[in-house]
Amino acid sequence: MAFAEIVQILMVWTPFLLEGFVWNILISLVAMTIGTVIGAVLARMRLSERRMVAGVSLTLTELTRNIPTFVFLFYLAFLIPVEFEFAGRLYLFPAWFKASLALSVAVVGFVSDNLSVAWRHWRNHDRLAALLFVPNWTTYLLIIVMASSTASVIGVGEIVSRCNVVIAAVGSDEAMLWIYMYAICYFFLLCFPLNWAMGRVKQRLLAHVHRAAV
Amino acid sequence: MMVNRPWLRMVCVGVLLALALGQEALASRLDLIQKRGTLIVGIKSDYPPFGMLNAEGQLVGFEADLAADLARRLGVQLQLVAVTSTNRLQKLEEGSVDVVIATLGDTPQRRQIATLIEPSYYASGAAIIAPPNAHLSNWSDLRGKKVCATQGAYFNRAMTQRFLLDLQIFNGTRDTKLALRDGRCAAWLYDDTGIVGLLSDPEWGSYESPLPSMMVSPWAMAIAAQERGSPLERTLSDIVADWHRSGWLMNVEKRWGIKPSQFLADTHNLWTRTGSDGNPVCTRQANGDWPAACRNKLLLSSTDVTGLYHFGLLLKERAGLDLTILYDVYDRDLFLAGLWMTLQLMLGSIVGSLLVGCLGALVAESLPWLRGLVRLTSALGRMTPPLLLIYLVFFGVGHIMVSHYGWTFDGAMIAVSCLSLYTGCAIVFTLLEATAVLKHQEPGFTLSWRRLPRVLRLAYAAVVASLINVVKATGMASAIAVPELISASTAIVAEQGNPAVMMNVLMLIYFLLVMLVMQIFNAIERRMIRHGVR
């Protein structure tokens, strides 16, 4: 297959694939939101004076660490019904939201660990050290964006499953390699600059913290 | 109280006599057929090619041939009567037909109102019709895809649940046909015996039915409810058994141009199999029943079987827990094989990740001119979603390897390699950071093969966290059909329809495996501390 032909195929399907990637980001943001809210509650509980409360939080955090996200994805896909009835009306439970829920479990553990540390720094008026939470959180978001590609296995129309749609539509086995590589580029384009920027932010914050300590 | 009034006594005797005579009449339906010299069989007239009207207005088809053979074996004439799905059992009850052979699925509810003959003579299931080149090789290829279906099919709901289909339900077959034609769905979920009729239509010639039938429902001949245990039931049952043993049913199937059904092939194998004592497995037991292995699995109850099977079915009947992996030999083997594969994947990924991580760090530290390249490669490796990498290697690179060099790779190997690469890249960074710390502490420290353990010790917690993550991610191998735990579990759900049980078992086992791996790493760390390894 000629190079020009492959470029042509990729160009034609770019809007379709790009829309899929927007889904990846959306799924990840929803997962981060849910995970951060629950994780924050757990982090707050860990700092509690009452040993019982802190213990419960630690156990729950430990639990989320042991749950494999990929298996949990299947668990939710099979066990949450497609539609549910609430107050006499039927609502859909979309597959992408199941993916967000599954991914959010990992976020809960991460936020519970990192935010409780940040909280302690904040209480000790170590504001800059507490701010380290922000670049860490953003780096974790990127990990979740990459993990969101697994939503394709339960049929969510994100970028990876759209790649498979394109491959079926193009009907050429040779195009497969290029289409998957092209999809990988999207992840690079998002992750590389953000990762680099967050690394810089982290370094500068750490430098400030060390200077303050000295 | 004594009965001393003569007329009352007469009535009593009369009733008893009538009952006895009635019993006599009922028990001899077979005699009745022979005396009459005609067997009356109800078949369908609107279900080609199983039961239909030919140009002369006669009832013909697969089921008409079965009826003809019944009559031949009983040595009587045959009279065919057209019946429909709604009146077939009613006609049996009123006695206007002797036998019904009319695409009747065997279910516990129907067994209440008629006597259904075991073994079943045929089976239908859910299959799909798809446009040409739909690239479907597996039911899981349809996950999340729009699939058209016709309202009222018994399998719609269950198939949606088992294969996570996005089902679009239409009112009649005509509407569904149009929707498939217009490309509004990837495939049409339909009865496989209906598909046989449809594909024989030249208009649908290019369409195909690429997937094996699921949720197979066996078809049984029916006779009246009161004929249970009668000579007629036994005779018919023996005839059907003989059909299976001789393979005659497969000939009839071929005669009508029906795609060979897996059910007939499997049943033929079962009924011709001999046990260790040299006798056929499927012979009548002392009580006259067929052995459990030769009966319809879905309709067995705990009283029909013994041992673990009995316990499993009892649990299903009492508590609704269908743990087929406990009592069904096939499911159990499938699940255990999946567990073994998952353990191999986990171990392979741990070893592979450590190898990639250590080698990467060693190369970066000992060959300064390669340092930049290693760092860049590791950064790229960390930013490639592992699932996408698995697809890229398995399908993209795999295709090139096969078409150019004729090499094929094992899916499990590819999954382990890709997961190891992804995790290994993260470990490279961890080890380089730890090396930097050691360099800061001891000027002149350089990373070498012998000093690697010290670096690993310093980075232990972070490395273990990466390894735990890769252990959790091994399920991704199921995306390229590696037969590990998730693949095994979804296959069992597809066959048995027990998602609640299987998903909980799967989750629990994975949870325990992850915990086990964590405990092993913790134990190693405790040992190191005890032995003063710092």
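Parameters and conventions
- Residues numbered from 1 in each chain as written.
- Chains lettered and ligands numbered in written order.
- Predicted model: local features only at pLDDT ≥ 70, side-chain atom pairs only at ≥ 80, totals over all residues.
- Helix = DSSP H or I, 4+ residues; strand = E, 2+ residues; numbered from the N terminus.
- Contact = placed C-beta atoms within 7 Å.
- Pairing = 2+ DSSP bridges.
- Axes fitted to C-alpha atoms, helices over the stretch in contact; angles between N-to-C directions.
- Buried ≥ 20, exposed ≤ 12 C-beta atoms within 10 Å, placed from the backbone.
- Arc of directions from axis to C-beta.
- Left-handed = near helix turned anticlockwise from the far one by under 90°.
- Nonpolar A, V, L, I, M, F, W, Y, C, P; charged D, E, K, R; others polar.
- Core = buried A, V, L, I, M, F, W, Y, C linked by C-beta atoms within 7 Å.
- Domains from an automatic or database assignment.

Novice: Is there a simple way to think about the overall build of chain A in this case?
Specialist: A tally of helices and strands in chain A yields eight helices and two strands. Starting at the N terminus and walking to the C terminus, you meet the elements of chain A as α-α-α-β-β-α-α-α-α-α. With respect to the principal axes defined by its C-alpha atoms, chain A has extents near 65 × 55 × 30 Å. At a minimum sequence separation of 6, the contacts of chain A that also span at least 24 residues come to 74%.

Novice: Is there a simple way to explain the sheet that holds strand β9 (residues 146-150) of chain B in this structure?
Specialist: Neighbouring strands of a sheet are bound in pairs by backbone hydrogen bonds; such pairs are parallel or else antiparallel. All names here are of chain B. In space, the five strands of this open sheet follow the order β10-β9-β11-β8-β12, with mixed pairing throughout. Two strands bound the open sheet, and with one partner strand each, they are β10 (166-170) and β12 (214-219). On average, adjacent strands in this sheet sit at an angle of 25° to one another, irrespective of strand direction. With four bridges connecting them, strand β8 (residues 122-129) and strand β11 (residues 187-191) associate as antiparallel partners. Its bridge partner being in β11, A126 is matched across the sheet by D191. Sitting on the sheet, helix α8 (residues 192-199) is in contact with β8 and β11, with an inclination near 65° to β8.

Novice: Would you mind showing me how to read the pairing of β8 of chain B here?
Specialist: Within a regular beta strand, the side chains point alternately toward one face of the sheet and then the other, so they alternate between its two faces. All names here are of chain B. In terms of burial, β8 is a largely internal element, seven of the eight residues being buried. Bridge analysis of β8 against β12 gives four bridges, and the strand direction is antiparallel. Each bridged residue has a counterpart across the sheet, and for A126 the counterpart in β12 is M214.

Novice: Can you walk me through unusual backbone geometry in this structure?
Specialist: Leaving glycine aside, a negative phi is the common case for residues, and trans is the common case for peptide bonds. The peptide bond linking P48 of chain B to P49 of chain B adopts the cis configuration, its omega dihedral lying at -5°. Tracing the chain through its elements places P49 of chain B in the loop between β2 (46-47) and β3 (51-53). In this structure, the amide linkage connecting E118 of chain B to the following residue, P119 of chain B, adopts the cis form with an omega of 0°. Note on placement: P119 of chain B falls in the loop between β7 (114-116) and β8. The backbone of H125 of chain A shows a phi angle near 60°, a positive value even though the residue is not glycine.

Novice: Hey, could you run me through helix α6 (residues 156-163) of chain B in this one?
Specialist: Residues and elements named next belong to chain B. Every buried residue of α6 is accounted for by M159, R162 and F163. Considered in projection along α6, the buried side chains sweep an arc of 75° and stay on one side of the axis. Phi turns positive one or two residues past the end of α6, at L164, with a value near 50°.

Novice: Any chance you could explain the interface of chain A and chain B here in plain terms?
Specialist: How big an interface is tends to be stated in terms of accessible area lost as the parts join. Between chain A and chain B, the contact holds 35 residues from the first and 35 residues from the second. Put simply, the parts of the chain that give the side of chain A that touches chain B at least two residues each are α3 (69-79), α7 (159-170) and α8 (175-213) of chain A. Among the elements that take part in the side of chain A that touches chain B, α8 of chain A stands out by supplying 10 residues, more than any other.

Novice: Teacher, can you tell me more about the packing of helix α14 (residues 329-366) of chain B against helix α19 (residues 460-473) of chain B here?
Specialist: For any two helices packed against each other, the geometry is given by the interaxial angle and the distance between the axes. All names here are of chain B. Following both chains from N to C, one finds α14 and α19 inclined at 145°, their axes separated by 9 Å at the closest point. For the pair α14 and α19, the sense of crossing is right-handed. Here M346, S349, I350 and S353 of α14 come into contact with α19, specifically with S466, L467, V470 and V471. A class-by-class count of the residues in the contact of α14 with α19 yields five nonpolar, three polar and no charged.

Novice: Would you mind going over the nonpolar core with me for this structure?
Specialist: Nonpolar side chains in soluble globular proteins tend to be buried together. The biggest cluster of nonpolar side chains holds 201 residues, and the ones touching the most others in it are A183 of chain A together with I390 of chain B. The element that contributes the greatest number of residues to this core is helix α17 (residues 411-441) of chain B, accounting for 15 residues. Dropping the residues within four chain positions of it, A183 of chain A is found in contact with L17, I159, V160 and C163 of chain A together with L388 of chain B.

Novice: Please explain the sheet that holds β3 of chain B as it appears in this structure.
Specialist: Residues and elements named next belong to chain B. Within the open sheet, the three strands sit side by side as β2-β3-β4. Their pairing is antiparallel. Edge positions in the open sheet fall to β2 and β4 (59-60), since each of these has one partner strand only. Summarising the sheet, β3 and β4 pair through two bridges and their orientation is antiparallel. The residue bridging L53 from the neighbouring strand is L59, located in β4.

Novice: Mind showing me how you'd approach the domain arrangement of chain B here?
Specialist: All names here are of chain B. We note that the domain assignment places domain 1 (28-120 + 220-298), domain 2 (123-217) and domain 3 (329-530) within chain B. Each partner contributes residues to the interface: domain 1 has 11 residues there, and domain 2 has nine residues. Its residues placed into classes, the side of domain 1 that touches domain 2 shows five nonpolar, five polar and one charged.

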